[in-house]
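Structural features, examined
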Amino acid sequence: MDAVVSLPEASDEALIARVQTGDRDALALLFRRYAHPIRNVGQRILRDKAEADDLVQEVFLYIHRKSTLFDSSKGSARSWIFQVAYTQALLRRRQLKSQGFYLSGITDKPAESDQASNKGAHYDHTVEGLFGKSGWKKIVGDLSEDQRETFRLHFFEGYTFTEIVEKLGQSYANVRNHHYRGLEKLRKHLADSELNRR
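The text that follows walks through the structure, step by step, so that each part is easy to find. (Residues numbered from 1 in each chain as written. Predicted model: local features only at pLDDT ≥ 70, side-chain atom pairs only at ≥ 80, totals over all residues. Heavy atoms only, no water.)

1. Some points on the packing of aromatic side chains
Aromatic ring pairs are reported here in terms of the distance separating the ring centres and the angle at which the planes meet. Stated formally: Ring pairs shown here join Phe, Tyr and Trp side chains whose ring centres sit within 6.5 Å, with only the six-membered ring taken for Trp; geometry is labelled stacked below 30 degrees between planes, edge-to-face above 60, and tilted in between. In this text, helices come from DSSP runs of H or I with a minimum length of four residues, and strands from runs of E with a minimum of two, each type numbered from the N-terminal end. With a 1.4 Å probe rolled over the protein chains alone, any residue whose accessible area is under 20% of its type maximum counts as buried; one over 50% counts as exposed, and the rest are partly exposed.
Scanning the model with the defined rule gives five aromatic pairs in all. Considering the side-chain rings of Tyr34 and Phe82, the 5.9 Å spacing of their centres and the 80° angle between planes classify their relative orientation as edge-to-face. Separated by 48 residues along the polypeptide, Tyr34 in helix α2 (residues 24–46) and Phe82 in helix α4 (residues 77–98) bring together distant segments of the chain. The exposure classification of Tyr34 matches that of Phe82, with both residues buried. Plain terms: the ring middles of Tyr62 and Trp80 are 6.1 Å apart, the flat faces sit at 45° to each other, and that makes the pair tilted. Of the two residues, Tyr62 is situated in helix α3 (residues 49–66) and Trp80 in helix α4; the sequence distance between them amounts to 18 residues. Its relative accessible area of 12% is what places Trp80 among the buried residues. Linked through ring pairs, Tyr62, Phe70 and Trp80 together constitute an aromatic cluster.

2. Focus on the pattern of salt bridges
Threshold: By definition here, a salt bridge exists when the distance from a side-chain nitrogen of Lys or Arg to a carboxyl oxygen of Asp or Glu is within 4 Å.
For the structure shown, the criterion picks out six salt bridges. In this structure, Lys49 and Asp53 form a salt bridge, with 3.8 Å as the shortest nitrogen-oxygen distance. Note that Lys49 and Asp53 are positioned in helix α3 at a spacing of four residues, about one turn of the helix. By relative accessible area, which is 25% here, Asp53 ends up partly exposed. Residues Arg152 and Glu149 are paired through a salt bridge, measuring 2.7 Å at the closest nitrogen-oxygen approach. One end of the pair is Arg152 and the other is Glu149, both in helix α7 (residues 145–156) and three residues apart, which spans about a single turn. Owing to a relative accessible area of 35%, Arg152 belongs among the partly exposed residues under this scheme. Look at Glu149 and you get partly exposed, because its relative accessible area is 26%. Taken together, the shared-partner salt bridges connect Arg39, Lys49 and Asp53 into one network.

No statement about biological role is implied by the geometric values presented.
Below, the structure is given as structure tokens:
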């Protein structure tokens, strides 16, 4: 197709376009680029190595099946991949929590997020899909500008706290504070939407 750009140098967007045509080599290259950071997302949210490994498989299965959902006009391929990873991780965490997975003496820290259920059945969920368009806007509206930017860089662009410190020119402690305060607000909205759903 695009013989001028060899596969290893291709952009994430070009690779997703090739995945849409069934190119398994393009999918394998995306896997090599993103498996490690996605595993880190899984470790942070699910706090279990095997579950984090499963998350990597889930995310790439999703990318393989649903690559046509990627819309470059709405953001970068990197951002989309991390949105898929976080959404799948949060859905899985919710399912594990409902099964008592975290009752084995591991404390559930208040700063961590929960999300709505069921692994494979919710492939079409996005963050907006989970809260509804107006619900998601309300959540974003409740965040401070620093919290919004920290969330955007961390959740949707996949940057580490250390990288965010450099980007925002703030201390590590401040960035952590923005992140965890924002998560507390997100958690409160989740609890409210759960109550409204009953």
